[in-house]
Amino acid sequence: MVRLVGTLAAILLALACSSVTEPSAMGQQPTVPGRSAARVLMLTTTAGFRHDSIPTARQVIASLAGAGAFSVTATEDLSAVNADTLRNYDVVMFALTSGELPFSPAQKAALVDFVSGGHGFIGVHSATDTLYEWADYGRLVGAYFKEHPWTQQGTVVVENSSHPASGGVADRLSITEEFYTFQENPRSRVDVLLHLDPTSVGTAGDYPLAWAHSFGAGRAYYNALGHFPETWRDARFQRMLAGAIAWTSGK
Ligand SMILES: [Zn+2]
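Treat the numbers as computed from the prediction; the structure is a model and nothing was measured.

1. Focus on the pairing of strand β9 (residues 218-223)
- For β9, the tally of buried residues reaches five of six residues, placing the bulk of the element in the interior.
- Here strand β4 (residues 120-124) pairs with β9 via five bridges, running parallel. Bridging across to β9, Ile122 finds its partner in Tyr221.
- Note: strand β8 (residues 208-215) against β9, six bridges, orientation antiparallel. Counterpart to Ala212 in the pairing with β9 is Tyr221.
- Between β8 and β9, which pair antiparallel and follow one another directly, the connecting turn spans two residues, one of which, Gly216, has a positive phi of 60°.

2. Quick word on the coordination of the zinc ion
- Donor atoms from the polypeptide that bind the zinc ion are His51 (NE2), His125 (NE2), Glu178 (OE) and His227 (ND1), placed at 2.0 to 2.1 Å.
- Mapping the donors of the zinc ion onto the primary sequence gives the spacing H-x73-H-x52-E-x48-H. Of the two residues, His51 is situated in the loop between β1 (38-43) and α2 (54-65) and Glu178 in strand β6 (residues 172-182); the sequence distance between them amounts to 127 residues. When sorted by exposure, His51 lands in the same class as Glu178, which is buried.

3. So, the confidence of the model for the protein chain
- Of the residues in the protein chain, 86% reach a pLDDT of 70 or more, and the chain-wide mean stands at 90.
- Taken together, the stretch residues 1-34 has pLDDT below 50 and engages in 22 contacts with residues farther than four places along the chain or on a different chain.

4. As for the layout of surface pockets
- One number sums up the size of the largest pocket: a volume of about 160 Å³.
- Every residue along the wall of the largest pocket is listed here: Ala135, Gly138, Arg139, Gly142, Ala143, Tyr144, Gln183, Glu184 and Arg189.
- In the lining of the largest pocket, the residues fall into three nonpolar, three polar and three charged.

5. Points about the sheet that holds strand β5 (residues 145-158)
- Reading across the sheet, the nine strands line up as β2-β1-β3-β4-β9-β8-β7-β5-β6 and stay open at both edges, with mixed pairing between neighbours. Two strands lie at the open edges of the sheet, namely β2 (70-75) and β6, each paired on one side alone. Recorded for the sheet is a direction-independent mean angle of 25° between the axes of neighbouring strands.
- Of the pairings in the sheet, the one linking β5 to strand β7 (residues 191-196) comprises three bridges and is antiparallel in character. Along β7, the bridge assignment pairs Val156 with Leu196.

6. Some points on the pattern of salt bridges
- A complete count under the given rule lists eleven salt bridges for this structure.
- The residue Glu76 makes a salt bridge to Arg50 at a minimum N-O spacing of 2.9 Å. With Glu76 in the loop between β2 and α3 (83-86) and Arg50 in the loop between β1 and α2, this residue pair connects regions lying 26 residues apart in the sequence.
- When salt bridges with common partners are traced through the structure, they connect Arg50, Arg58 and Glu76 into a single cluster.

Procedures and definitions
- Residues numbered from 1 in each chain as written.
- Predicted model: local features only at pLDDT ≥ 70, side-chain atom pairs only at ≥ 80, totals over all residues.
- Heavy atoms only, no water.
- Buried < 20%, exposed > 50% of the residue type's maximum accessible area, 1.4 Å probe, protein only.
- Helix = DSSP H or I, 4+ residues; strand = E, 2+ residues; numbered from the N terminus.
- Pairing = 2+ DSSP bridges.
- Donors = N, O, S within 2.8 Å, 3.2 Å for Na, K, Ca; no water.
- pLDDT = per-residue confidence, 0-100.
- Contact = heavy atoms within 4.5 Å.
- 1 Å grid on protein atoms, 1.4 Å probe; cavity = no way out; pocket = protein on both sides within 12 Å on 5 of 7 lines; lining within 4 Å.
- Points joined across faces, edges and corners; volume = space filled by probe spheres on them.
- Nonpolar A, V, L, I, M, F, W, Y, C, P; charged D, E, K, R; others polar.
- Axes fitted to C-alpha atoms, helices over the stretch in contact; angles between N-to-C directions.
- Salt bridge = Lys/Arg side-chain N within 4 Å of Asp/Glu carboxyl O.

Shown next as structure tokens:
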């Protein structure tokens, strides 16, 4: 019996040692041994306005990935969006993208098939200022940017604290941001998670700022915050994005 326990201990030790994962040549973070971590493809390509917060956004997502719940490959190479490459991912994130990114029809079909086939999409901030001429993308991200009337401190209200992408933060968040409005209010088509308290910027009306919805068999999430590097460094924003990765990936 003693010998058996000793053998078992040796096997377990060997398994533990062999499951330590090295970062791959693709620049991915190591994953938690024995757990299926979400694999995120993060795109920060711009064909229009380019945010100064892009380097911070990439650093922060890589840092969050270091905690082990997901791995990330960040790129500006649009050719990464194709049916073959997407087989290696659970979630595609458009972070601070802008303009009419020159995807081919095959690439567009690959992204739509990827999400509608049961995977995840995340858009952040100017992801809604992207690909206005591609209607399927508009349905995927949920709305298109209209204007940003308020760049100032404002109050963000959490509408749905039971959702993984908005739970665990305060019910109301005071934050300095460039607050977006959209060409159409997406409320009837999505589950709104955050909205701007209009009185905090001296106005009235309904201004959703983050939402989640299903897209075929897949899941899509959008968060309008992220203009400033400080927003990406904000633990509350990071918690939302980590929750969004978990929710959209189904992991
Ligand atoms: Zn902005």
